[in-house]
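Chain residues, written in single-letter form:
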Amino acid sequence: MAKQLRHLKNFGVLLFFATCDIGSAAPKPWVLLTNCLHIAGKDNDGDSFRVRSGTNEFIFRLYFVDAPETNLRYPERTWEQSEYFGITLDETIMAGARAREVVGDLLQKPFVVRTRWAHAPGRGREPRYYGFVEIDGKGLAEILVSQGLARIKGVFAALPNGEKAKVYAEKLRRLEAEARQKKLGAWAHSKKQQAEVDPP
């Protein structure tokens, strides 16, 4: 009997910790930051940049997209982007500089950020957080992809409005196809044939 009680007690402890784990793994609620300002910084690029909200400053990394690098600090990543767009390393870096410039210009006026404070790993010392950035109701990720200044890659998440990640990714793919067809941004010098880029 004592042995059975010990088993029941152990099971109860395991069930308690399992329940705690489930609770801690639940997604955090979305937080809306309004009247945000873009802060110039040497490490800013098209998909990751410093933002001021009130008296606080944060570094945000966009969900869903990866803008070209602006230098060869991470050569393997720059090479991968070059392969994706079908352009040279120099052209990739130029596209990255253009993406950074476009984002800096777009975010001159106040914008909003929606975040769950999910940590976005990086090699810098300061923490970065994933977020959705909106200017005049339009997503920055959509703008970058539609201008050929970002590829669809990175961390995906269901949107704050409840839209599924898969549905939003499909929307971005359609925008990318249009940018590729119009030869915008990084696609302007692409050596890739249509069949090489489109998924089977």
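Residues numbered from 1 in each chain as written. Predicted model: local features only at pLDDT ≥ 70, side-chain atom pairs only at ≥ 80, totals over all residues. Heavy atoms only, no water.

Draft legend 1. Representation of the overall build of the protein. Looking only at helices and strands, the protein has six helices and eight strands in total. Across the 200 residues of the protein, 40% fall into the buried class. Across the protein, the fraction of contacts at a sequence separation of at least 24, relative to all contacts at a separation of at least 6, is 64%. (Helix = DSSP H or I, 4+ residues; strand = E, 2+ residues; numbered from the N terminus. Buried < 20%, exposed > 50% of the residue type's maximum accessible area, 1.4 Å probe, protein only. Contact = heavy atoms within 4.5 Å.)

Draft legend 2. Structural view of the environment of Ala165. Mapping Ala165 onto the fold places it in helix α5 (residues 165-182). Separated by 101 residues in sequence, Ala165 and Phe64 place their C-alpha atoms 8.8 Å apart. Sequence-distant contacts of Ala165, defined by excluding residues within four places in its chain, comprise Phe64, Phe156, Ala157 and Ala158.

Draft legend 3. Here's a closer look at helix α2 (residues 75-85). By the burial criterion, the buried members of α2 are Thr78, Gln81, Ser82 and Phe85. Taken down its axis, α2 places every buried residue within 105 degrees of arc, on the same side. In this structure, the buried residues of α2 make contact with β4 (65-66), α3 (89-106) and β8 (151-152). Gly86 sits one or two positions beyond α2 and adopts a positive phi of about 75 degrees. (Arc of directions from axis to C-beta.)

Draft legend 4. Spotlight on the pairing of strand β2 (residues 48-53). Counted residue by residue, β2 has five buried out of six residues, so it is predominantly covered. Direction of pairing for strand β1 (residues 31-39) relative to β2: antiparallel, over a ladder of three bridges. Bridge pairing in β2 links Leu37 to Arg52. Strand direction decides the pairing type here: β2 and strand β3 (residues 56-62), joined by six bridges, are antiparallel. Residue Ser53 lies in a different strand from β3, and its bridge partner there is Asn56. Hairpin connection of β2 to β3: two residues between the antiparallel strands, including Gly54 at a positive phi of 65 degrees. (Pairing = 2+ DSSP bridges.)

Draft legend 5. Representation of the side chain of Asp45 within the structure. Structurally, the position occupied by Asp45 is in the loop between β1 and β2. One buried charged side chain, Asp45, makes no salt bridge at all; its nearest oppositely charged neighbour is Arg128, positioned 6.1 Å away. Of note is the side chain of Asp45, whose polar atom sits 3.1 Å from the backbone nitrogen of Asp47. With near-sequence residues (within four places) excluded, Asp45 lies in contact with Thr70 and Arg100. (Lys, Arg positive; Asp, Glu negative; His and termini not counted. Salt bridge = Lys/Arg side-chain N within 4 Å of Asp/Glu carboxyl O. Polar contact = N/O pair within 3.5 Å; in protein donor to acceptor, adjacent residues only side chain to side chain.)

Draft legend 6. Focus on the packing of aromatic side chains. Tallied over the entire structure, the rule returns 17 aromatic pairs. Look at Phe58 and Trp117: their rings are 5.0 Å apart centre to centre, the planes differ by 50 degrees, and that puts the pair in the tilted class. On the criterion of sequence distance, the pair formed by Phe58 in strand β3 and Trp117 in strand β5 (residues 111-119) is long-range, its members being 59 residues apart. For Phe58, a relative accessible area of 19% corresponds to the buried category. For the pair Phe64 and Phe156, a centre-to-centre distance of 4.5 Å together with 25 degrees between the ring planes defines the contact as stacked. You can see Phe64 sitting in the loop between β3 and β4 and its partner Phe156 sitting in the loop between β8 and α5, a full 92 residues away along the chain. Sitting over the ring of Trp187, Arg180 keeps its end group 5.7 Å from the ring centre. (Phe/Tyr/Trp six-rings, centres within 6.5 Å; stacked < 30°, edge-to-face > 60°. Lys NZ or Arg CZ within 6 Å of the ring centre and 35° of its normal.)

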